[in-house]
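This is what each chain is made of:
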Amino acid sequence: MTAQRPLRLGIMGCAEFALRRMLPAVADSPDIELAAVASRRPATAREVAARFGGTPVDGYEQLLAVPDLDAVYVPLPNALHAEWVLRALDSGRHVLAEKPLTTRGDLTREAVRRAAERGLALVENFLFVHHPQHARVRALIGDEIGELRQMSAAFAIPPRPAGDIRHRPDLGGGALLDVGVYPLKAAQYFLGTGLHVAGAALRYGSTGVDVEGSVLLRRADGVCAQLSFGMDHAYTSRYELWGTRGRVTVNRAFTPPADHRPEVTVERDGRTRGVGLPAADQCAAAVAAFAAAVRDPATCHEAAAHSLDLARLTDEVRAAAV
């Protein structure tokens, strides 16, 4: 790929989230061209290609045979991520993969190793970290609430139909990998890497997947994060940071619509005030960030380290919850 032309991207699978959020952002991006759409159902590939552009492709292996393809986007079910991320890297393509990058720490380590070995960009697609409201909150920690002492975060979604892939153990379903990784990622974003699980609990449903959980993380200096998540709940998407002088709260933290104007709540000295922020499209920002990473894969080192650290944390949560 040269800097003079858009990145040629192929999508591997036509997940509902990809069609609703990612492909519209790709279509609007001057940096990326959707070159190919692969599905195991040829009719689906044709329908999506007619809507967003690109050549319809029958199956994932055929996508990797498409010439002049620079990168692959992988929004497949969680259990399929490792196989197809590795195969895409082995074919010489940069990879944008939906979170979680894989379902286990050892698989994530292998994916990161291969990407580094081949000089390829490998990006785990957490959209919310690209929203500018969180950088603004980081600035508030020292300026407004003092030294950080504790964090809490929660992300939960209403129940899904019985046949939803989130309820299938064979496809890597469960609340931890679907929604729990968001509070974990938020804790990593504000508290840094190197957190450890001090305690965890998971509740399992009738299909054998975890449907909710709670986690206590601890940093070496004693700062803790209390995290909750689930997929059998009223919708919740928030975090709170508690410091020596005050507290800051963010609602609609993880999945704000592009037209949502965030308001961060700051409590200090017995007073509460809102900090209004402009609307931002975190999906468009994530697409732009991936294109930039492809142009300079060396910039992915920190993101890769964060993916490894997050995979370790999810492994620790499972181990602690047994």
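Residues numbered from 1 in each chain as written. Predicted model: local features only at pLDDT ≥ 70, side-chain atom pairs only at ≥ 80, totals over all residues. Heavy atoms only, no water.

### Some words on the overall build of the protein
Note the threshold: Here a helix means four or more residues in a row that DSSP labels H or I, a strand means two or more in a row labelled E, and each is numbered from the N terminus. Based on C-alpha atoms, the radius of gyration is set beside the globule rule, defined as 2.2 Å times the residue count to the power 0.38. To sort residues, take the accessible area from a 1.4 Å probe on protein chains only and compare it with the maximum for the residue type: under 20% means buried, over 50% means exposed, and anything in between is partly exposed.
If you tally the helices and strands in the protein, you get nine helices and 14 strands. Computed over the C-alpha atoms, the radius of gyration of the protein is 20 Å, within 12% of the 20 Å expected from 2.2 N^0.38 for a compact globule of 322 residues. Considering only C-alpha atoms, the protein reaches an extent of 60 × 45 × 35 Å along its principal axes. Each of the 322 residues in the protein was classed as buried or not, and the buried ones make up 53%.

### Here we look at the sheet that holds strand β11 (residues 236-243)
Across a sheet, paired strands are connected by hydrogen bonds in the backbone, their directions being either parallel or antiparallel. Rules: In this analysis, strands are considered paired if DSSP registers two or more bridges between them. To obtain each axis, a line is fitted to C-alpha atoms, and for helices this fit is confined to the stretch in contact; angles are then taken between N-to-C directions over 0 to 180 degrees. Only heavy atoms enter the contact rule, under which two residues are in contact if any of them lie within 4.5 Å.
The strand order across the open sheet formed by eight strands is β8-β9-β10-β7-β11-β12-β13-β14, and the pairing between neighbours is mixed. Two strands lie at the open edges of the sheet, namely β8 (196-204) and β14 (271-276), each paired on one side alone. Averaged over all pairs of adjacent strands, the angle between their axes in this sheet comes to 10°, without regard to strand direction. Pairing of β8 with strand β9 (residues 210-218), which is carried by eight bridges, proceeds in the antiparallel orientation. Bridge pairing in β9 places arginine 203 opposite glutamate 212. The strands that helix α7 (residues 175-191) touches are β7 (148-156), β9, β10 (224-230) and β11; relative to β10, the one it contacts most, it runs at about 160°.

### Topic: the pairing of strand β12 (residues 246-251)
When a strand is regular, its side chains alternate between the sheet's two faces. Summarising the sheet, β11 and β12 pair through five bridges and their orientation is antiparallel. Bridged to tyrosine 239 within β12 is valine 250. Hairpin connection between β11 and β12: a loop of two residues separates the two successive antiparallel strands. For β12 and strand β13 (residues 263-268), the ladder comprises four bridges, and the chain directions are antiparallel. Along β13, the bridge assignment pairs threonine 249 with threonine 265.

### Focus on the packing of helix α4 (residues 78-90) against helix α5 (residues 105-118)
What counts, and what does not: Here the word oblique covers every angle except those under 35 degrees (roughly parallel), over 145 (roughly antiparallel) and from 65 to 115 (roughly perpendicular). Any residue outside Ala, Val, Leu, Ile, Met, Phe, Trp, Tyr, Cys, Pro, Asp, Glu, Lys and Arg is labelled polar, Gly included; the first ten of those are nonpolar and the last four are charged.
Two elements in contact, α4 and α5, have axes whose closest approach is 10 Å; the angle formed by their N-to-C orientations is 10°. What the angle tells us is that α4 and α5 run roughly parallel. Residues Ala82, Val85, Leu86, Leu89 and Asp90 of α4 form the contact with α5, whose participating residues are Leu107, Glu110, Ala111, Arg114, Ala115 and Arg118. When the residues that make up the contact of α4 with α5 are grouped by side-chain class, the tally is seven nonpolar, no polar and four charged.

### Details of the sheet that holds strand β5 (residues 94-98)
Sheet architecture is open: six strands sit in the order β3-β2-β1-β4-β5-β6, paired in parallel fashion. With partners counted over all chains shown, the strands left at the sheet margins are β3 (55-58) and β6 (122-125), one partner each. Along the sheet, successive strands turn relative to each other by an average axial angle of 25°, direction set aside.

### Focus: the packing of aromatic side chains
Applied cut-off: Note on aromatic pairs: the rings of Phe, Tyr and Trp (six-membered ring only in Trp) are paired at centre separations within 6.5 Å, and the planes decide the class, stacked below 30 degrees, edge-to-face beyond 60, tilted for the rest.
In the structure shown here, the tally under the stated rule is twelve aromatic pairs. Ring centres of phenylalanine 155 and tyrosine 182 lie 4.8 Å apart, and the angle between their planes is 70°; this geometry places the pair in the edge-to-face category. Pair noted here: phenylalanine 155 is in strand β7 and tyrosine 182 is in helix α7, with a separation of 27 residues, a long-range link. The pair formed by phenylalanine 155 and tyrosine 182 is uniform in burial state, with each residue classed as buried. Here tyrosine 239 and phenylalanine 254 contribute two aromatic rings whose centre-to-centre distance is 6.5 Å and whose plane-to-plane angle is 45°, an arrangement assigned as tilted. Linking tyrosine 239 in strand β11 with phenylalanine 254 in the loop between β12 and β13, this pair joins segments that are 15 residues apart in sequence.

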